[in-house]
Amino acid sequence: MNFYPPGKGMGQHVDAEEESENAVVSLSFGQDAIFRIAGRDTLLLSGDVVVFGGPARRAKHGVLGARKGTSDLLDGRLNITMRQMEGS
Ligand SMILES: O=C(O)CCC(=O)C(=O)O
Ligand SMILES: [Fe+2]
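Counting restarts for each chain, with residues numbered from 1 along the sequence as it is written. Written order determines the labels here, with chains lettered from A and ligands numbered from 1. Confidence filtering applies because this is a predicted model: local features only for residues at pLDDT of at least 70, side-chain atom pairs given and counted only at 80 or more, and all residues used for totals across whole chains, interfaces and linings. Side-chain measures were taken over the full set of non-hydrogen atoms in the model, leaving aside hydrogen atoms and water.

## Thoughts on the coordination of the iron ion (ligand 2)
Next, step 1: The protein atoms that coordinate the iron ion (ligand 2) are His 13 (NE2), Asp 15 (OD) and His 61 (NE2), at distances spanning 2.1 to 2.2 Å.
Next, step 2: Along the chain, the residues that donate to the iron ion (ligand 2) are spaced as H-x1-D-x45-H. Placement of Asp 15 in the loop between strand E2 (10–13) and strand E3 (24–30) and of His 61 in strand E7 (residues 61–63) is noted, with a sequence separation of 46 residues between them. Accessibility classification places Asp 15 together with His 61 in one group, the buried group. In this analysis a donor is any N, O or S atom within 2.8 Å of a metal ion (3.2 Å for sodium, potassium and calcium), and since water is not included, sites may seem incomplete. Helix numbers and strand numbers start at the N terminus; a helix is a DSSP run of H or I with at least 4 residues, a strand a run of E with at least 2. Only protein chains enter the calculation, and the probe is 1.4 Å; a residue is then buried if its accessible area is under 20% of its type maximum, exposed if over 50%, and partly exposed in between.

So, in structure tokens, the structure goes:
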């Protein structure tokens, strides 16, 4: 689980710590943020779900700053990421 105060993001990285190749599922709540994956940008809104599966599983991704004033729910952005760590 990650909480991003307004303006904060996460640098580009690959989710490599999991042995498992199963999909990673990520939920967003609160402020909007730009999600950058493989050099392409998508706006994530509260309630959006991202599934990293198949060829996207080890794609480089990151989050640009949570956008101030875009949520009545949270002063920031909450991300819940579900991942299987061990290989099966
Ligand atoms: O906040 C997000 O949408 C992405 C989080 C992420 O990439 C991670 O926790 O590995
Ligand atoms: Fe990640």
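## A word on the UniProt feature "domain: Fe2OG dioxygenase" (unreviewed entry) in the protein chain
Next, step 1: UniProt positions are given in the numbering used here, feature names are shortened, and annotations may be inferred rather than shown by experiment. Mapped onto this numbering, the UniProt entry gives "domain: Fe2OG dioxygenase" (unreviewed entry) at residues 1–86.
Next, step 2: Overall, residues 1–86 shows 0% helix and 43% strand. The separation of its end C-alpha atoms is 19 Å.

## Quick notes on the site of ligand 1
Next, step 1: Near is defined per residue: the residue qualifies when any heavy atom it owns lies within 4 Å of the molecule or strand. Around ligand 1, the surrounding shell consists of Asn 2, Tyr 4, Met 10, His 13, Asp 15, Ser 26, His 61, Val 63, Arg 77, Asn 79, Thr 81 and Arg 83.
Next, step 2: Interatomic distance of 3.1 Å between a side-chain N/O atom of Asn 2 and an oxygen atom of ligand 1.
Next, step 3: In protein, a polar contact means a hydrogen-donor-capable atom and an acceptor-capable atom, both N or O and within 3.5 Å, with residues adjacent in sequence counting only if both atoms are side-chain atoms; elsewhere, any N or O pair within 3.5 Å suffices. Contacts to ligand 1 include Tyr 4, whose side-chain N or O atom sits 2.5 Å from an oxygen atom.
Next, step 4: Cavities and pockets were defined on a 1 Å grid built over protein atoms only: a cavity is a set of grid points that admits a 1.4 Å probe from which the probe cannot escape, a pocket is an open set flanked by protein on both sides within 12 Å along at least five of seven lines, and lining residues are those with an atom within 4 Å of any such point. Any molecule with more than half of its atoms within 2 Å of a cavity's or pocket's grid points is counted as sitting in it. When atom positions are compared with the pocket grids, ligand 1 is found to occupy the largest pocket.
Next, step 5: Elements supplying a minimum of two residues to the shell around ligand 1: strand E1 (2–4), E2, E7 and strand E8 (77–82).
Next, step 6: Under the scheme applied here, ten amino acids are nonpolar (Ala, Val, Leu, Ile, Met, Phe, Trp, Tyr, Cys and Pro), four are charged (Asp, Glu, Lys and Arg), and all others, including Gly, are polar. Along the lines of polarity and charge, the residues of the shell around ligand 1 split into three nonpolar, six polar and three charged.

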